[in-house]
Amino acid sequence: MPRLTFVGKFVVAFAAAWAVGASIYIFFSPLSGQGITARRTFGESGSVVETYMTEQSWYEAQGLWGIFVLAVFAGIYLFAVRLAWNGRYNALTIVSVITIALSIVAGFSIGGIYFPGAVGLLVGALILLSARLLTSR
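For clarity, every value in this text was computed on a predicted model and none was experimentally measured. (Residues numbered from 1 in each chain as written. Predicted model: local features only at pLDDT ≥ 70, side-chain atom pairs only at ≥ 80, totals over all residues. Heavy atoms only, no water.)

## Focus: the overall build of the protein chain
Which entries qualify depends on this criterion: Secondary structure elements follow DSSP: runs of H or I of four or more residues count as helices, runs of E of two or more count as strands, with numbering from the N terminus. Here the radius of gyration uses the C-alpha set of atoms, whereas the globule reference equals 2.2 Å times the residue count to the power 0.38.
Of the regular secondary structure elements, the protein chain holds five helices and two strands. In sequence order, the protein chain lays out its α and β elements as α-β-β-α-α-α-α. Relative to the 2.2 N^0.38 estimate, which gives 14 Å for 137 residues, the radius of gyration of the protein chain is 22 Å and therefore markedly larger than a compact globule would have. Summarising its shape, the C-alpha atoms of the protein chain cover approximately 90 × 20 × 20 Å along the three principal directions.

This is the structure we're talking about:
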C-alpha cells in the first residue's frame, strides 16, 4: 500500500473515531435545563415566581429519537471507513460532503462536535483521491 493511501485511510479512520467518541460523549454528558414556575394565591396581592435548574441525561431529554440520531451520525462515519478500506474513493467523497452538510444543518444542537470529524473525512477522501490519481500516471 503506497504511503499516501495509508495516510488517507488513517485520516478517515481518525475522523470516524472522532465521530464515535462524539456520540459517546453526547450520550453520557448531562444536559442542563432551566424552568420557571409562577403561582398566585387569591388572598394576597402578589404572585410567587420560582426558577429552577435541572440536569438530565441525553435519553431523558431526547428519548429514543435522540439515541437514533447519535447512532446514525456515528454509523455514517463507520460506513465511510468501510468505503475507504474497500477503495471506493468516489463514494467516500460523496459521503464526506454529506457529513459536512449534516454537521452544518445540525450545528446548533449536536453538529458542532461532529464538524472536525467531517472535515477530517473530507481531507482523507481528498488524499485518497489524489493518491489514486498519482498512482494511475
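## A few points about the packing of helix 4 (residues 89-105) against helix 5 (residues 111-136)
Put simply, the rule reads: Note on geometry: axes are C-alpha line fits, over the in-contact stretch for helices, and angles between N-to-C directions span 0 to 180 degrees. Any angle that is under 35 degrees is reported as roughly parallel, and any over 145 degrees as roughly antiparallel; angles of 65 to 115 degrees are reported as roughly perpendicular and all others as oblique. Each crossing is labelled by how the near helix is turned from the far one, with a counterclockwise turn of less than a right angle marking it left-handed and a clockwise turn marking it right-handed. Every residue pair with non-hydrogen atoms within 4.5 Å of one another is taken to be in contact.
Packing of helix 4 against helix 5 leaves a shortest axis separation of 8 Å and a crossing angle of 160°. Relative to helix 5, the element helix 4 is oriented roughly antiparallel. With respect to the hand of their crossing, helix 4 and helix 5 are arranged in left-handed fashion. Residues Y89, N90, L92, T93, S96, V97, T99, I100, S103 and I104 of helix 4 pack against G111, G112, Y114, F115, A118, V119, L121, L122, A125, L128, L129 and R132 of helix 5.

## Digging into the packing of aromatic side chains
The condition that has to hold: Between 30 and 60 degrees the pair is tilted, below 30 it is stacked and above 60 it is edge-to-face, where a pair is any two Phe, Tyr or Trp rings, Trp via its six-membered ring, whose centres lie within 6.5 Å. A ring has a charge above it when a Lys NZ or an Arg CZ is no more than 6 Å from the ring centre and no more than 35 degrees off the ring normal.
According to the stated counting rule, one finds four aromatic pairs in the structure shown. Taken together, the ring pairs in this structure connect F73, Y77 and Y114 into an aromatic cluster. In this structure, K9 packs its charged tip against the face of W85, placed 5.6 Å from the ring centre.

## Details of a nonpolar patch on the surface
Going by this rule: By definition, no residue in a patch forms a salt bridge, and every one has over 30% relative accessible area; like charges are joined within 9 Å, nonpolar side chains (Val, Leu, Ile, Met, Phe, Trp, Tyr) within 5 Å. For every accessible area listed, the method is Shrake-Rupley and the probe measures 1.4 Å; residues are considered covered only by the protein chains on display. Definition used for salt bridges: Asp or Glu carboxyl oxygen within 4 Å of a side-chain nitrogen of Lys or Arg. The buried label goes to any residue with under 20% of its type's maximum accessible area, the exposed label to any with over 50%, and the partly exposed label to all in between, with areas taken from a 1.4 Å probe on protein chains only.
Residues F6, V7, F10, F14 and W18 make up a contiguous nonpolar surface patch of about 540 Å² in total accessible area. Among the secondary structure elements, F10 is positioned in helix 1 (residues 3-28). Its relative accessible area of 53% is what places F10 among the exposed residues.

## A few points about helix 1
Heads up, the condition is: Here, expected helix span is obtained from the residue count minus one, scaled by 1.5 Å.
The end-to-end C-alpha distance of helix 1, which contains 26 residues, comes to 37 Å, matching closely the 38 Å that a straight helix rising 1.5 Å per residue would cover. Residues of helix 1 that are buried: T5, G8, K9, V12, A15, A16, A19, A22, S23 and I26. Packing partners of the buried residues in helix 1 comprise helix 2 (58-62), helix 3 (64-85), helix 4 and helix 5.

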